[in-house]
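Here is what each chain is made of, one letter per residue.
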Amino acid sequence: YKLSYFLRGLLLQEHLNKIKDKNIKKINDLEKNGITVYKNFFSAGEFNKISKAVKDIFSTIDYKQFRSSGGLIKTLSLSEDDICPKRKYIYDKFIRNEKIINLTTYYMRPLIFFPNRVVIQEIFFPKNSKDINDVLHVCHADRFFNHLKFFYYLNDQSDKNGAYIFAKGSHNVSGFFRLFYEYESALRAAKNQLLRILGLKTDKFNISGYDSLRPFFIKKLNIFPESISSKKNSLIVSNNSGFHSRGNMLSNTKRIQIRLQYQYLEIGIFRSLFLKVINKLNPKVQKILNDGV
């Protein structure tokens, strides 16, 4: 992967240099910490319009049970072929945003850039409910290479209502102990999966069906998770090769976010070319294929 990443960097070098010049402060922050925050990302008028559009969309959707926790959730994936004006407005505001496109290009180096899906999400914990048994409370890393995710806060978020949690500096995957962790965690996950198949008890670090960090690696990798608290209209940009989790929510609290992920940019050049051709012929077919990435 690192060889492919290096070669793509050579092909995109001039473009990447221009992006760095225009976004030097945020790129330096991401290089150092693995995370950066844009406060007041949109103008007040744009924020109010986005917020109202999300509120109106969710007014027509019922809450569903949020995993096995005591919470409730409303979530909806928006795409470029949405005909609803409010959904399309939200989609275009994020997917066509130059800062988002630039940072994604700089860190993931796609040779072909497909439009992404945008997810709106509201999580609510009613009075007397408890935020427990959620696998996303377990501190974890999504990838062993650069992988950006974007979280836009539509309400103020803190350690009381589930603000994103991230261990700053944990995105570096070049050290011995991080590589050791990748192998150890993969072997341990396979072992615990086999134990579950056999109906046996998994090890004590398997929490809610997810393999958590062992204390040895927490110490060696200097993992210090912290709540990324911020006001509404903040955009959190996270390199999810770093360790992160969902924050706990108190009862009678709500968290509303707009979220962007770019896993599909990791599919490789030949499949990307194939999807590009298919998209010209029939965009609906490309959407079906992308959903499986």
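Please refer to the structure placed before this passage.
Scoring rules and cut-offs
Residues numbered from 1 in each chain as written. Predicted model: local features only at pLDDT ≥ 70, side-chain atom pairs only at ≥ 80, totals over all residues. Heavy atoms only, no water. 1 Å grid on protein atoms, 1.4 Å probe; cavity = no way out; pocket = protein on both sides within 12 Å on 5 of 7 lines; lining within 4 Å. Points joined across faces, edges and corners; volume = space filled by probe spheres on them. Helix = DSSP H or I, 4+ residues; strand = E, 2+ residues; numbered from the N terminus. Nonpolar A, V, L, I, M, F, W, Y, C, P; charged D, E, K, R; others polar. Salt bridge = Lys/Arg side-chain N within 4 Å of Asp/Glu carboxyl O. Buried < 20%, exposed > 50% of the residue type's maximum accessible area, 1.4 Å probe, protein only. Contact = heavy atoms within 4.5 Å. Polar contact = N/O pair within 3.5 Å; in protein donor to acceptor, adjacent residues only side chain to side chain.

## Considerations on the layout of surface pockets
Phase 1 of the analysis: If you add up the space inside the largest pocket, you get close to 360 Å³.
Phase 2 of the analysis: In terms of lining residues, the largest pocket is bounded by 21 residues, among which Arg 67, Leu 136, Lys 149, Phe 151 and Arg 259 are the most central.
Phase 3 of the analysis: Counting residues per element, the ones that place at least two in the lining of the largest pocket are strand 3 (72-78), strand 4 (118-125), strand 5 (148-153), strand 11 (244-246) and strand 12 (253-261).
Phase 4 of the analysis: With 4 residues, the top contributor of residues to the lining of the largest pocket is strand 12.
Phase 5 of the analysis: For the lining of the largest pocket, the residue count by class is 7 nonpolar, 8 polar and 6 charged.

## Quick look at the pattern of salt bridges
Phase 1 of the analysis: Tallied over the entire structure, the rule returns 18 salt bridges.
Phase 2 of the analysis: Note that Lys 168 and Glu 226 form a salt bridge whose closest N and O atoms lie 3.7 Å from each other. Separated by 58 residues along the polypeptide, Lys 168 in the loop between strand 6 (164-167) and helix 7 (176-197) and Glu 226 in strand 9 (residues 225-227) bring together distant segments of the chain.
Phase 3 of the analysis: With relative accessibility at 34%, the residue Glu 226 sits in the partly exposed group.
Phase 4 of the analysis: Among the ionic pairs, Arg 188 bridges to Asp 211, the shortest N-O distance being 4.0 Å. On the criterion of sequence distance, the pair formed by Arg 188 in helix 7 and Asp 211 in strand 8 (residues 210-211) is long-range, its members being 23 residues apart. Like Arg 188, the residue Asp 211 is buried in the burial classification.

## Digging into the environment of Glu 46
Phase 1 of the analysis: With respect to the element layout, Glu 46 can be found in helix 4 (residues 44-58).
Phase 2 of the analysis: Linking Glu 46 and Ser 230, residues 184 residues apart in sequence, is a C-alpha distance of 18 Å.
Phase 3 of the analysis: Other than its neighbours up to four places away in sequence, Glu 46 contacts Tyr 89 and Lys 93.
Phase 4 of the analysis: There is a polar contact of 3.1 Å between the side chain of Glu 46 and the backbone nitrogen of Ser 43.

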